[in-house]
Amino acid sequence: MDDASHECRRVTGHTVGFICNEDHSVFAEVADRLREAGATVRFFEPGRQLGDAELGGLSLLLNKKVDPASFAALARADEHGVTTWNGLHTLQLGFRLVGYRMLELIGCRVPRVFLEPPEFDYVAKTFVDWHFQPDPVLNGTGDLYQELVPTTGIDHKHYAVDTGDDIAVRVLKTTSKLRGEKRPLERTDPDPELAAAVRRLLETTNSQGIGVDFVESDGTFWAVDVNPAMSFRHAGMEGELADSVCSLLATVEEDARVPT
C-alpha cells in the first residue's frame, strides 16, 4: 500500500512529545502528519532529562532512543499520567537477554547465548542495546556472545506497528553490519509464520511499534535481535506510525470521558 494515502483521524488539542532528533527522516514526517491532524508536536533532544514542565502539557510521549534518560522520562511520564507510545514495558526489550527470552516464548528460534566466548564463531554484543554503544562484532569482545548463524549476510528486518485497526508488518532486507556498513536492499512480503510471531511479540508486550531482526540459514529463520526503538528508515511506514499515535490519542480521549 502506498503510505502517502494515509490520513490520520483528527487529534486537535493534543500535544505529542517525541524523544527523537527533530530532523529524523521518518519521525519528522510522522510529526508533520500529526500536525496536519491537529496536534501540537514537541521534540526533545535524546539524553535530555525531562522535568515536570515538559511532561505536564503532554497528552502522549513517544520515545525513539534506548538510553538511561529515556527510561527516566518514560517513568516520569507514567507518574504524571501521560500516555506513552512504547513505554517502559517495551524499552526493557533493549536488555538483550530479556528480548531473547521473549522471542523464545513467542516461538522463535533464537541462537544460543554464552557469557564467555565459545569455541566456534559468535557475535559479541553488549547486555543492553544502548544507542551510544558499539555495534555487535564478529568474534570480538563483549558482554555476551551469541552463536553465529551461517548466512549469506542478509538481515530480514521485520517491523510491526499497531495502527489501532490492525497490526501492520513490513519486511526490509538489508546487508548485515557484521560485513560492513548496513545498506537497505528491498522490501519484501513477510513470511506468514514470522509475521504472526512478530505480531504476538507486539501484543504480548503491549507495544505500539517493534522490530525483530531475522537471518536465514538453509531455509530456517533465526531471530537474532529485538529493537524496541527502531528508526523505521526505508520501511515506508510513516502513515502507519502516525495512525498508531492518533489511535492511542483516541483512547486517551475515551478514558477522559469515562466517569470516575
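Quick note: structure is the one above.
Thresholds, definitions, all that
- Residues numbered from 1 in each chain as written.
- Predicted model: local features only at pLDDT ≥ 70, side-chain atom pairs only at ≥ 80, totals over all residues.
- Heavy atoms only, no water.
- Helix = DSSP H or I, 4+ residues; strand = E, 2+ residues; numbered from the N terminus.
- Buried < 20%, exposed > 50% of the residue type's maximum accessible area, 1.4 Å probe, protein only.
- Contact = heavy atoms within 4.5 Å.
- Patch = residues over 30% accessible without salt bridge, like charges linked within 9 Å, V, L, I, M, F, W, Y side chains within 5 Å.
- Areas by Shrake-Rupley, 256 points an atom, 1.4 Å probe, with all protein chains shown as cover.
- Salt bridge = Lys/Arg side-chain N within 4 Å of Asp/Glu carboxyl O.
- Pairing = 2+ DSSP bridges.
- Axes fitted to C-alpha atoms, helices over the stretch in contact; angles between N-to-C directions.
- Phe/Tyr/Trp six-rings, centres within 6.5 Å; stacked < 30°, edge-to-face > 60°.

J.: It is not clear to me how the environment of Val-215 should be interpreted in this structure. Could you clarify?
T.: Along the chain, Val-215 falls in strand 12 (residues 209-217). Of the residues examined, Val-215 reaches a relative accessible area of 8% and is grouped as buried. Expressed as a C-alpha distance, the spacing of Val-215 and Lys-173, which sit 42 residues apart in the sequence, is 9.8 Å. Residues within four places of Val-215 in sequence aside, it is in contact with Val-149, Thr-151, Ile-154, Asp-155, His-156, Thr-220, Phe-221, Trp-222 and Val-224.

J.: Explain a nonpolar patch on the surface to me, please; I cannot follow it from the model alone.
T.: Taken together, the side chains of Leu-97, Leu-115 and Phe-127 present a nonpolar region at the surface, about 290 Å² in accessible area. Secondary-structure assignment places Leu-97 in helix 5 (residues 96-105). Overall, the relative accessible area of 44% leaves Leu-97 in the partly exposed class.

J.: Would you take a moment to explain the sheet that holds strand 7 (residues 137-138) for this structure?
T.: The strands that make up a sheet pair up through hydrogen bonds in the backbone, lying either parallel or antiparallel. Overall, antiparallel pairing links the four strands, which are arranged 5-8-6-7 in an open sheet. Every interior strand has two partners, whereas the edge strands, strand 5 (113-114) and strand 7, have only one. Of the strands in this sheet, strand 5, strand 6 (122-125) and strand 8 (144-147) touch helix 5, which is tilted by about 30° from strand 8.

J.: For this particular structure, what's the right way to read the pattern of salt bridges?
T.: Side chains that differ in charge, positive against negative, can pair when their charged atoms come close. Under the defined criterion, the tally for this structure stands at 13 salt bridges. With a shortest N-O distance of 2.5 Å, Arg-76 and Asp-52 are connected by a salt bridge. Taken together, the residues span a long stretch of sequence, with Arg-76 in helix 3 (residues 68-79) and Asp-52 in helix 2 (residues 52-56) at a distance of 24 residues. Using a relative accessible area of 29% as the deciding quantity, one classes Arg-76 as partly exposed. A relative accessible area of 46% means that Asp-52 is categorised as partly exposed.

J.: What am I meant to see in the packing of aromatic side chains here?
T.: Overall, the coordinates contain ten aromatic pairs when judged by the stated rule. Summarising the aromatic geometry, the rings of Phe-18 and Phe-43 are spaced 5.1 Å apart at their centres and angled 35° between planes, so their arrangement reads as tilted. Of this pair, Phe-18 sits in strand 1 (residues 15-19) while Phe-43 sits in strand 2 (residues 40-44); the two residues are 25 residues apart in sequence, bridging distant segments of the chain. As far as burial versus exposure is concerned, Phe-18 and Phe-43 are alike and both buried. Note on Tyr-122 and Tyr-145: the rings are 5.2 Å apart at their centroids and 90° apart in plane angle, and the pair reads as edge-to-face. Of the two residues, Tyr-122 is situated in strand 6 and Tyr-145 in strand 8; the sequence distance between them amounts to 23 residues. This pair shows no difference in class: Tyr-122 is buried, exactly as Tyr-145 is. Pairwise contacts between aromatic rings join Phe-18, Phe-27, Phe-43, Tyr-159 and Phe-232 into one cluster.

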